[in-house]
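# What the coordinates show
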Amino acid sequence: MSAKVIAVVNQKGGAGKSTLAMLLAGSLAEEGASVLLADADPQNTACRWATAGQGFPARVEDLSGEEGKLHKHLKKRIEAFDYIVIDSPPAASAPITLSALRLAHLALVPVIPSPLDLWASLRIREAIEAARVKNPGLIARIVVNQAQLNTVLAREVLALLPEFGIPTLAAQLKQRTAYRQCAALGSTVNALGSRAAIASLEVDALRREVQMLLRK
Ligand SMILES: Nc1ncnc2c1ncn2[C@@H]1O[C@H](COP(=O)(O)OP(=O)(O)OP(=O)(O)O)[C@@H](O)[C@H]1O
Ligand SMILES: [Mg+2]
């Protein structure tokens, strides 16, 4: 076993990095995979989420103190997990973000479809390109988050995404109260039961697309 490493990154604060990382890690773990969620953000959102309830299925650890040595730390533990998901701080050129991108097989960039968010996300593309010098196999995908596809503006912004230079996942996360509830309750989306059935399907589709990209 050698873990597939997924880094969730974006320069933009509040784009949904922690939400995407936790939903994905929870979903992979519920499928039976052994999953480490490396919380690389000193805000420790992921750690707070995991301890807000009882029994989050992935192992969540505060590794924000590793800074530029995160990849070295995780490399030593790569045989112990099926997946390592890294939640990073909103800083594209922070040593810990660059360290995460150096080890990752897949970089996921959550983007809220609004012009301001898209502009603020441009810096992460440069960080991903720089990481490919030492990590040429790094795959990158945009994940549309908090989508409200019924608005003209959101559709116009989505039409701009191909120009961003990073392909977009087909699966999206819509704006849903269920995702906020998960964070408050410290749970996965499946744990919310039938009240979050559509959200569960959305996260399943995202997990499957990610697994296909990583061929695992
Ligand atoms: N798809 C969604 N539907 C509803 N609320 C969402 C969704 N995605 C994120 N949020 C909410 O938006 C806020 C920001 O999300 P989150 O903390 O995941 O972003 P972040 O990129 O990790 O932020 P930071 O840059 O501060 O680390 C949170 O309140 C979260 O609950
Ligand atoms: Mg966060």
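Residues numbered from 1 in each chain as written. Chains lettered and ligands numbered in written order. Predicted model: local features only at pLDDT ≥ 70, side-chain atom pairs only at ≥ 80, totals over all residues. Heavy atoms only, no water.

Regarding its fold elements, the chain presents nine helices and seven strands. In terms of C-alpha radius of gyration, the chain reaches 16 Å, essentially the compact-globule figure of 17 Å for 216 residues. With 216 residues in all, the chain has 54% of them scored as buried. Across the chain, the 25 positively charged side chains and the 19 negatively charged ones have centroids separated by 3 Å. (Helix = DSSP H or I, 4+ residues; strand = E, 2+ residues; numbered from the N terminus. Rg over C-alpha atoms; globule rule 2.2 N^0.38 Å. Buried < 20%, exposed > 50% of the residue type's maximum accessible area, 1.4 Å probe, protein only. Lys, Arg positive; Asp, Glu negative; His and termini not counted. Charge placed at Lys NZ, Arg CZ, Asp CG, Glu CD.)

Now for the site of ligand 1. As a matter of local geometry, ligand 1 sits amid 17 residues, with Lys17, Ser18, Thr19, Asn145 and Arg180 nearest to it. At 2.6 Å, a side-chain N or O of threonine 19 approaches an oxygen atom of ligand 1. Its free accessible area being 620 Å², ligand 1 has 82% of it covered by the protein chains. Those elements that provide at least two residues to the shell around ligand 1 are α1 (17–30), β6 (139–147) and α8 (177–185). For the shell around ligand 1, the element with the most residues is α1, which contributes three residues. By residue class, the composition of the shell around ligand 1 is three nonpolar, nine polar and five charged. (Near = heavy atom within 4 Å. Polar contact = N/O pair within 3.5 Å; in protein donor to acceptor, adjacent residues only side chain to side chain. Areas by Shrake-Rupley, 256 points an atom, 1.4 Å probe, with all protein chains shown as cover. Nonpolar A, V, L, I, M, F, W, Y, C, P; charged D, E, K, R; others polar.)

With that settled, consider the nonpolar core. Judged by nonpolar contacts, the single largest core of 39 residues is most densely connected at Ile6, Val35, Val85 and Leu108. With eight residues, the top contributor of residues to this core is α1. Listed in part, the 37 residues of the second largest apolar core include Leu101, Ala107, Leu138 and Val144. (Core = buried A, V, L, I, M, F, W, Y, C linked by side-chain atoms within 4.5 Å.)

Moving on, we come to a positive patch on the surface. On the surface, a cluster of positive charge is made up of Lys69, Lys72, Lys75, Arg102 and Lys134. Its place among the elements puts lysine 69 in the loop between β3 (59–62) and α3 (70–76). In this structure lysine 69 comes out as exposed when scored by relative accessible area, which is 55%. (Patch = residues over 30% accessible without salt bridge, like charges linked within 9 Å, V, L, I, M, F, W, Y side chains within 5 Å. Salt bridge = Lys/Arg side-chain N within 4 Å of Asp/Glu carboxyl O.)

In this section: the sheet that holds strand β4 (residues 83–87). Adjacent strands of a sheet pair through backbone hydrogen bonds, lying either parallel or antiparallel. Strand order in this open sheet of seven strands is β3-β2-β4-β1-β5-β6-β7, and the pairing throughout is parallel. Because the sheet does not close on itself, it has two edges, and the strands there are β3 and β7 (173–174). Of the pairings in the sheet, the one linking strand β2 (residues 35–39) to β3 comprises four bridges and is parallel in character. Following the sheet pairing, alanine 38 is matched in β3 by glutamate 61. (Pairing = 2+ DSSP bridges.)

For the rest of this paragraph, the subject is the pattern of salt bridges. In this structure the tally under the stated criterion is five salt bridges. A salt bridge links glutamate 31 to arginine 207; its shortest N-O distance comes to 3.6 Å. Pair noted here: glutamate 31 is in the loop between α1 and β2 and arginine 207 is in helix α9 (residues 197–214), with a separation of 176 residues, a long-range link. Here glutamate 31 falls in the exposed class, since its relative accessible area comes to 52%. Between arginine 77 and glutamate 61 there is a salt bridge whose closest N-O contact spans 2.8 Å. Taken together, the positions of arginine 77 in the loop between α3 and β4 and glutamate 61 in strand β3 put the pair 16 residues apart, joining distant regions of the chain. Take arginine 77 and glutamate 61: they sit in the same class, and that class is buried.

We now examine α8. Inspection of α8 places Ala178, Tyr179 and Cys182 among the buried residues, and these make up the whole buried set. The arc enclosing the buried residues of α8, seen along the axis, measures out at 105°, which places them on a common side. Facing away from the buried side of α8, by more than 90 degrees, are the exposed residues Thr177, Arg180 and Ala184. Elements that come into contact with the buried residues of α8 comprise α1, α2 (45–51), β7 and α9. Within two residues after α8, glycine 186 carries a phi angle of roughly 70°, on the positive side. (Arc of directions from axis to C-beta. Contact = heavy atoms within 4.5 Å.)

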